[in-house]
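Structural description and commentary
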Amino acid sequence: MKIAVAGGTGTVGHHVVSIARARGHQVVSLSRADGVDLVTGRGLDEALRGVETVIDVSGIQTRSTKKAVDFFTNSTQNLLAAEKKAGVRHHLALSIVGIDTATSGLYAGKLVQEDTVRHGGVPWTLLRSTQFHEFVPMTVGVASLGPLVLVPQMRTQPVAAREVAEALVDAAEAGPSGPMADLGGPRVEELDDLVRAYLQKFRMRKQIAKLFIPGSMGKAMRSGDLIPKPGAAVGRQTFQEWLETDASSPTNSA
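Cut-offs used in this document
Residues numbered from 1 in each chain as written. Predicted model: local features only at pLDDT ≥ 70, side-chain atom pairs only at ≥ 80, totals over all residues. Heavy atoms only, no water. Helix = DSSP H or I, 4+ residues; strand = E, 2+ residues; numbered from the N terminus. Rg over C-alpha atoms; globule rule 2.2 N^0.38 Å. Buried < 20%, exposed > 50% of the residue type's maximum accessible area, 1.4 Å probe, protein only. Contact = heavy atoms within 4.5 Å. Lys, Arg positive; Asp, Glu negative; His and termini not counted. Charge placed at Lys NZ, Arg CZ, Asp CG, Glu CD. Expected span 1.5 Å × (residues − 1). Pairing = 2+ DSSP bridges. Axes fitted to C-alpha atoms, helices over the stretch in contact; angles between N-to-C directions. Parallel < 35°, antiparallel > 145°, perpendicular 65-115°, else oblique. Left-handed = near helix turned anticlockwise from the far one by under 90°. Nonpolar A, V, L, I, M, F, W, Y, C, P; charged D, E, K, R; others polar. Phe/Tyr/Trp six-rings, centres within 6.5 Å; stacked < 30°, edge-to-face > 60°. Salt bridge = Lys/Arg side-chain N within 4 Å of Asp/Glu carboxyl O. Polar contact = N/O pair within 3.5 Å; in protein donor to acceptor, adjacent residues only side chain to side chain.

**Some points on the overall build of the protein**
A tally of helices and strands in the protein yields nine helices and 13 strands. Expected size for 254 residues packed as a compact globule is a radius of gyration near 18 Å; at 18 Å, the protein falls within 12% of this value. Residues classed as buried in the protein amount to 50% of the 254 residues present. Considering only contacts in the protein between residues 6 or more positions apart, those separated by 24 or more positions represent 80%. Mean positive and mean negative side-chain charge positions of the protein (28 and 25 charges, respectively) differ by 5 Å.

Next up, the structure:
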């Protein structure tokens, strides 16, 4: 089939593109690098011509609730409107485990995205996953303060981005199914332990300072509310396996 991937150059998106192409599908990437702006809708009508399925793995890096809500509201509404014009038959969106209990920042935007998809008039599938292994180098990159890395207190169950991509392409091939089972990695971990392992792997001379995050977000991070419940799908690759085989050096990390 012809598949369009919103965010096709991102952490999960580039895997979705490569996996779908390897399975024989015709793939169109929807990103600014490809001349498409999801927030304004520029280039969408042309890009979706002949497309049967859209996989939305687009995102925004922000702690601002307003910016996240604005991004996912505009991008999802624009996508769905263009899909209706083009006759798209299936819309898949990637979301995050636990957003019902942590309703600020990026998670607030994801809640809006999910609601928009459910009521958007295009047959849909939603997959919630846990954080990817790449979340650890991202944390090091954005939370470093001189020799320190400020690491939130967080229980997590990280999953391989490629395995998330595989699940999305599987779902695209299966057709609209509504909410899928949550997807997490094979092990529950403490974020500071993962950051410590990453720093040691790349011999980065930084010290970890554990950070207490207030509010519903911080509570969810500490309590395990961001970990899938029993019955969720479980990935194969552990963080340590990813670190040993797939992790990029800090200058090239996701």
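Read on, since the account is not over.
**A word on unusual backbone geometry**
Not every positive phi belongs to a glycine, and Arg203 is a case in point at roughly 50°. Here Arg203 shows up in the loop between helix 7 (191-201) and strand 12 (207-211).

**Considering the environment of Val169**
For Val169, the location among the structural elements is in helix 6 (residues 161-174). Distance in space between the C-alpha atoms of Val169 and His133 is 20 Å, their sequence separation being 36 residues.

**Concerning helix 6**
The first and last C-alpha atoms of helix 6 sit 20 Å apart over 14 residues, in line with the 20 Å expected at 1.5 Å per residue. Within helix 6, the full set of buried residues consists of Ala161, Glu163, Val164, Ala165, Ala167, Leu168, Val169, Ala171 and Ala172. At the C-terminal side of helix 6, Gly175 shows a positive phi close to 95°.

**Quick notes on the sheet that holds strand 12**
Across the sheet, three strands lie side by side as 6-7-12; this open sheet has mixed pairing. Since the sheet does not close on itself, it has two edges, and those belong to strand 6 (144-145) and strand 12, each with one partner. When strand 6 meets strand 7 (residues 148-152), the two strands line up antiparallel, connected through two bridges. Counted as the bridge partner of Ser144 is Val149 from strand 7.

**Some words on the packing of helix 3 (residues 65-86) against helix 4 (residues 106-118)**
What describes two packed helices is the angle between their axes and the distance between those same axes. Direction vectors running N to C along helix 3 and helix 4 enclose 25°, while the axes themselves pass 7 Å from each other. Relative to helix 4, the element helix 3 lies roughly parallel. Of the two possible hands of crossing, helix 3 and helix 4 adopt the one that is right-handed. From helix 3, Thr65, Ala68, Val69, Phe72, Thr73, Thr76, Gln77 and Leu80 reach across to helix 4, where they touch Leu106, Ala108, Gly109, Lys110, Val112, Gln113, Thr116 and Val117. Here the residues of the contact of helix 3 with helix 4 are counted per class, giving eight nonpolar, seven polar and one charged.

**A closer look at the packing of aromatic side chains**
Scanning the entire structure with this criterion turns up three aromatic pairs. Arranged with centres 5.0 Å apart and planes meeting at 85°, the rings of Phe71 and Phe72 form a pair that is edge-to-face. Residue Phe71 shares its accessibility class with Phe72, and that shared class is buried.

**Quick notes on the side chain of Asp56**
Examined against the element boundaries, Asp56 turns out to sit in strand 3 (residues 53-56). Despite being buried, Asp56 has no salt bridge partner; Lys110 is the closest side chain of opposite charge, sitting 6.4 Å away. Among the polar contacts made by the side chain of Asp56, one reaches the side chain of Gln113 at a distance of 3.1 Å. Filtering out sequence-adjacent residues up to four positions away, Asp56 remains in contact with Ala6, Thr76, Leu79, His91, Leu92, Ala93, Leu94 and Gln113.

**Details of the pairing of strand 2 (residues 26-30)**
Of all five residues that make up strand 2, four are buried, and the element is covered over most of its length. Two strands pair when backbone bridges link them, and strand 1 (residues 2-6) and strand 2 are joined in this way by five bridges, in the parallel orientation. Pairing of Val5 across the sheet is with Ser29, part of strand 2.

**Observations regarding the pattern of salt bridges**
This model, assessed by the stated rule, comprises 14 salt bridges. As a salt-bridge pair, Arg23 and Glu173 come within 2.9 Å of each other at their nearest N and O atoms. Pair noted here: Arg23 is in the loop between helix 1 (13-22) and strand 2 and Glu173 is in helix 6, with a separation of 150 residues, a long-range link. A relative accessible area of 36% means that Arg23 is categorised as partly exposed. Between Arg196 and Asp192 there is a salt bridge, with its nearest N and O atoms 3.7 Å apart. With Arg196 and Asp192 both in helix 7 and four residues apart, the pair spans about one turn of that helix. Through salt bridges with shared partners, a single network forms among Asp100, Glu114, Arg118 and Arg128.

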